[in-house]
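Working through the structure, step by step
Take a look at the letters that make up each chain.
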Amino acid sequence: MKRICLLTLMLSCFILTGQAQRVTDKLDRGLVAIPASSGNLVSWRIFAEEYYGVTYNLYANGSLLKSGLTASDFNHTSGSSTTKYQVAAVVKGVEQEKSAEVTRWNNG
């Protein structure tokens, strides 16, 4: 009888934990631009589901500034306080939706 109770308890634990799902918040790219020693340092968030082979396209004032970025930051040496930035992930060769447009923080 003890074996049946123990087996039932173990099976119910496995079933309950097997259905657990990770809950995450819906975040945006978190794109920011701050003053650097020369130009602007632009940085953004990499999402948890973006693993290997994902690159990023960085846009300045609506034009492609740099493509194929593998890191989540870029030093735009000719950026000014009015430069507007956007970033988009490129997954398997397909560019995803661009982030919201941001300008440089003046008090970084």
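The following paragraphs examine the structure supplied in this document.

Here is what the cut-offs are and how they apply
Residues numbered from 1 in each chain as written. Predicted model: local features only at pLDDT ≥ 70, side-chain atom pairs only at ≥ 80, totals over all residues. Heavy atoms only, no water. Helix = DSSP H or I, 4+ residues; strand = E, 2+ residues; numbered from the N terminus. Buried < 20%, exposed > 50% of the residue type's maximum accessible area, 1.4 Å probe, protein only. Pairing = 2+ DSSP bridges. Axes fitted to C-alpha atoms, helices over the stretch in contact; angles between N-to-C directions. Polar contact = N/O pair within 3.5 Å; in protein donor to acceptor, adjacent residues only side chain to side chain. Contact = heavy atoms within 4.5 Å. Salt bridge = Lys/Arg side-chain N within 4 Å of Asp/Glu carboxyl O.

Section: unusual backbone geometry
The backbone of Asn61 shows a phi angle near 55°, a positive value even though the residue is not glycine. Unusually for a residue other than glycine, Lys92 sits at a positive phi of about 50°. Mapped onto the elements of the fold, Lys92 is located in the loop between strand E6 (84–91) and strand E7 (94–95).

Considering the side chain of Glu50
Here Glu50 is to be found in the loop between strand E2 (40–43) and strand E3 (55–60). Residue classification places Glu50 among the buried residues on the basis of a relative accessible area of 11%.

A look at the sheet that holds strand E5 (residues 73–76)
Taken in spatial order, the three strands of this open sheet run E1-E2-E5, and their pairing is antiparallel. The open sheet terminates on both sides in strands that have one partner only, identified here as strand E1 (32–35) and E5. Taking the axes of each pair of neighbouring strands and ignoring which way they run, one obtains an average angle of 20° across the sheet. As paired strands, E1 and E2 are joined by four bridges and run antiparallel to one another. Pairing of Ala33 across the sheet is with Val42, part of E2.

Here we look at the side chain of Arg29
Note on placement: Arg29 falls in the loop between helix H1 (2–18) and E1. Side-chain polar atoms of Arg29 contact the side chain of Glu50, separated by 2.5 Å. Ignoring anything within four residues of it in the chain, the contact list for Arg29 reads Trp44, Arg45, Ile46, Phe47, Glu50, Tyr56, Val87, Ala89 and Ser99.

So, the environment of Leu65
When you line up the elements, Leu65 lands in strand E4 (residues 63–69). A relative accessible area of 30% places Leu65 in the partly exposed class. Along the primary structure Leu65 and Leu9 are separated by 56 residues, whereas in three dimensions their C-alpha atoms are 59 Å apart. Other than its neighbours up to four places away in sequence, Leu65 contacts Leu58, Tyr59, Ala60, Phe74, His76 and Tyr85.

A few points about the pattern of salt bridges
Once the charged atoms of two side chains with opposite charge are near each other, the side chains can pair. Counted according to the given criterion, the structure contains two salt bridges. In this structure, the salt-bridge partner of Glu50 is Arg29, at a minimum N-O distance of 2.5 Å. Taken together, the positions of Glu50 in the loop between E2 and E3 and Arg29 in the loop between H1 and E1 put the pair 21 residues apart, joining distant regions of the chain. With respect to class, Glu50 is no different from Arg29; both count as buried.

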